[in-house]
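Residue-level listing of the chains:
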Amino acid sequence: MDPIPSSPSASVADDTPPRGWSDWWPQRIGWRLALGFGVLVALMLVALAQAIFQIHHITGVTQRFATGDMQRLLRVQALSLQTEGVGNALIRLINAPRENRVAEYTDVDDRNKRIDGMVESLANDLHDDDQEQNLKRLVECRAAYAEAFSDTADEIEAGNTAGAWKLLNERVNPALKTMLLESNTLLQHERQRIETRLDEAQKLFDQVAVWVAGMSVLAVALAVWLGVRTTRSVVGPLAKLERAAQRIAGGDYTRRVPMTRTQEVDRVGQALNTMTEAVAQRERDIVHQAFHDPLTGLPNRAALFQPGAYAGDPPNCLALMDLARLKAINETLGYTTGDTLIQQTAERASLALQAAAADGLIGPQAVVARLSGGTFAAIFRAPNRAAVEALHERIERGMDAPVHCSGHSVDLSLSYGLADSGDPSVETAKALPVGTLLRNAEIALHSAKRAAIGFAWHSEAQEAARLGHLSLLSDLRQAVATSQLQMWLQPKFSLATGRAVGTEALVRWQHPTRCFVSPAEFVPFAEQAGYITMVTNWMLEQALRTLAAWAPTHPELSIAVNVSTRDLQHKGFADRVARMIEASGVPAKRLRLEITESGLMDDPAHSVALLHALREIGTPLSIDDFGTGYSSLAYLQKLPVSELKIDRSFIDKLDQSPGTQKLVRAMTEMGHGLDLMVTAEGVETEAEREMITGLGVDVMQGYLASRPLHGEKLQVWFDALPAS
Ligand code: C2E
Ligand code: CA
Ligand code: CA
């Protein structure tokens, strides 16, 4: 079982898109825009150049048309006019009286010269064979006309007007007519040429228009295409990035941003991928930290309750292991030693569990978690309780070797609370939730510690007791308020004089339905639930009231009230006791406070300080149940106590146990060495009394001398006391 679902790492697939026909397409947005705009500008330039070139060409054509063709046409037209005009001039010449003939000649000559000039210039500007033929005929006609005109002029000079008229009509006019005809043909020809030219020019115009329009359409189409392509090539990858960012925001780190063909976007994508991996790694680290204990690297309490942590075979057993004396070790040997001890316990327990899983003693998915301080939980599947107890032995063997740290050699001592879901071979046995297994194991651990045995299984009886205690606790408040509690006093006697030296106050609870409830039954739970303060307060009040009542006759008697560790944890406890003593008017030294040795060792540093505060009030202090804790002599020396109460377990059958006698002697000598009064608790037989007297104990308390007393019996005992 791995209680930590490992978050999947980002896949590292090669996602570069396959290269294909569009390899030419630039991979950078900058280049793409440059390409798009470059192609557009190039197309515009080509269209512009083409337009300029064509306009230039059209201008040339127009110019040629205007300078060449039109002039020629005009010349041909002028030729026709001159040809017509020369006929009329000849008629005027024939009809003119002799004295006017010179002017008429001049006119005709001018006209002839002009005709010659025109023919000559036309000859220089010929374009095709037809025109050449035309001109040739024109020149021939001109020669015929020149000859006819010369003959006609001769007739006019000869005064033969009739002959002149005849020549005019028969030769000059037909020659001129032919000339006119030819020049008209030329004119016609020129007109046709011009029309053809105009047609061609028109076509050229149309072509240029089509060209420019075509180029423009092409440019627009290309611009649209490039625009769409560039936009899509940017928007598409950006949308991919956006989707990727949303995926990352949603906690999906498995997919990488795919590579596109756009460098800038790819760089962002690459950065996103790097970021995703970093975030995923960090999240894995955070999850690991959240579910692991930094000191041992083991899963922590939260890991045990991870949803889906037990996907396969759910575990049916939980072993809670508690490292003894950790607090005291931390205080006395230092936290480094404490940490080493925790690490060693973790390592050894894990190894034992792994080996047991490998051997098939327990299921393969076994896990050790550190819950807090020196508390560990092993959770696994086991076929039966025998397997779990075998595992317990293996773990214990693993803890055998002492741990060496900072020059100290410390034994690892563990208490175990075991809980299971019932016999797994029984069909009805349902796997209990981990929370229930853990709570049951805690209860079992408590009873193991209370009974001072190595391990305890959680049982139905414990469960019933737990439920009973829970309902008892709810009654306890009521008990204090409605006087169901009683204070019983057990006298203590000096072994030397036999006289009563004081009493111990013991609480009793007359429950309305359960009758008598032993303090051993409710005090430990009242301590756990924090209700004990109420009880202590009530007992202090009763004790002080009784002391006040005793004062006139027996001011030497003291009452010792049991104080719980929970009371000591209350900051104002010493002040409260001081106030109560003051209010009662009883001398502080008449009230004793008993504090158990194990309670002191829970938090030694704090305890020392608090005991000093209590001592300052003037109240003597006793160490209760001495011998059951682990206090060292060095530690005891620091405590401002005046009495050691040797635990009942040492006194029981003391006369029959030489080993225990040595222990009691040592404890007594140690107490005396520290100037403490030594009391033996639970003295039941005469033999025990003799034994403790021989061992040097000062005070005895027990059924032999007196049971705890109350009411009438207490009064009888008190009245029988010798006057002091
Ligand atoms: P403890 O402080 O060690 O008290 C002595 C216990 O031993 C008492 O049991 C007493 O009745 C019993 N005892 C006395 N002489 C003998 C004997 O000769 N033989 C045997 N077998 N027992 C003897 P009790 O009254 O049942 O108290 C049990 C424990 O409950 C006490 O042990 C003490 O730890 C706790 N307790 C009792 N009263 C109070 C109280 O008012 N406040 C707190 N915090 N604890 C109390
Ligand atoms: Ca006591
Ligand atoms: Ca005791």
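Residues numbered from 1 in each chain as written. Chains lettered and ligands numbered in written order. Predicted model: local features only at pLDDT ≥ 70, side-chain atom pairs only at ≥ 80, totals over all residues. Heavy atoms only, no water.

### Some remarks on the nonpolar core
One finds Leu591, Leu614, Leu639, Ile692 and Trp717 to be the most contacted residues of the largest nonpolar core, which totals 75 residues. What Trp717 contacts, discounting residues up to four positions off in sequence, is Pro491, Phe493, Ala500, Thr503, Trp550, Leu557 and Leu709. One finds Cys317, Leu412, Tyr416 and Leu418 within the second-largest nonpolar core, a separate group that totals 33 residues. (Core = buried A, V, L, I, M, F, W, Y, C linked by side-chain atoms within 4.5 Å. Buried < 20%, exposed > 50% of the residue type's maximum accessible area, 1.4 Å probe, protein only. Contact = heavy atoms within 4.5 Å.)

### Considering the packing of aromatic side chains
Going through the model one piece at a time under the given rule, you end up with 4 aromatic pairs. Between Trp509 and Phe522, the aromatic rings sit 5.1 Å apart at their centres with planes inclined by 85 degrees, giving edge-to-face as the arrangement. Of the two residues, Trp509 is situated in strand S9 (residues 500-511) and Phe522 in helix H12 (residues 519-529); the sequence distance between them amounts to 13 residues. Among the residues examined, Phe522 registers a relative accessible area of 2% and is labelled buried. Measuring from ring centre to ring centre gives 5.1 Å for Trp550 and Phe718, while their planes differ by 15 degrees; the resulting arrangement is stacked. Here Trp550, found in helix H13 (residues 532-550), pairs with Phe718, found in helix H22 (residues 711-719); they are 168 residues apart in sequence, far enough to count as distant. In this pair, the class of Trp550 matches that of Phe718, namely buried. Through successive ring pairs, a cluster of aromatic residues spans Trp550, Trp717 and Phe718. Over the ring of Trp457 we find Arg385, and its NZ or CZ is 4.1 Å from the ring centre. When the ring centre of Tyr703 is taken as origin, the NZ or CZ atom of Arg707, which lies over that ring, is 3.8 Å away. (Phe/Tyr/Trp six-rings, centres within 6.5 Å; stacked < 30°, edge-to-face > 60°. Helix = DSSP H or I, 4+ residues; strand = E, 2+ residues; numbered from the N terminus. Lys NZ or Arg CZ within 6 Å of the ring centre and 35° of its normal.)

### Let's talk about H12
Buried within H12 we find Pro519, Phe522, Phe525 and Ala526. The buried residues of H12 occupy an angular sector of 160 degrees when projected down its axis, which confines them to one face. Where H12 begins, the side chain of Ser518 points an oxygen toward the backbone nitrogen of Ala520, at a separation of 3.0 Å. Just downstream of H12, Gly530 is the residue with a positive phi angle, here 80 degrees. (Arc of directions from axis to C-beta. Polar contact = N/O pair within 3.5 Å; in protein donor to acceptor, adjacent residues only side chain to side chain.)

### Topic: the site of ligand 1
Taken together, 19 residues sit near ligand 1, with Gln490, Arg508, Arg648, Glu684 and Tyr703 positioned nearest. A distance of 2.4 Å separates a nitrogen atom of ligand 1 from a polar side-chain atom of Glu684. Against a free-state accessible area of 790 Å², the protein chains account for coverage of 85% of ligand 1. Those elements that provide at least two residues to the shell around ligand 1 are S9, H12 and strand S13 (621-626). It is S9 that contributes the most residues to the shell around ligand 1, 4 residues altogether. Grouping the amino acids of the shell around ligand 1 by side-chain chemistry returns 8 nonpolar, 4 polar and 7 charged. (Near = heavy atom within 4 Å. Areas by Shrake-Rupley, 256 points an atom, 1.4 Å probe, with all protein chains shown as cover. Nonpolar A, V, L, I, M, F, W, Y, C, P; charged D, E, K, R; others polar.)

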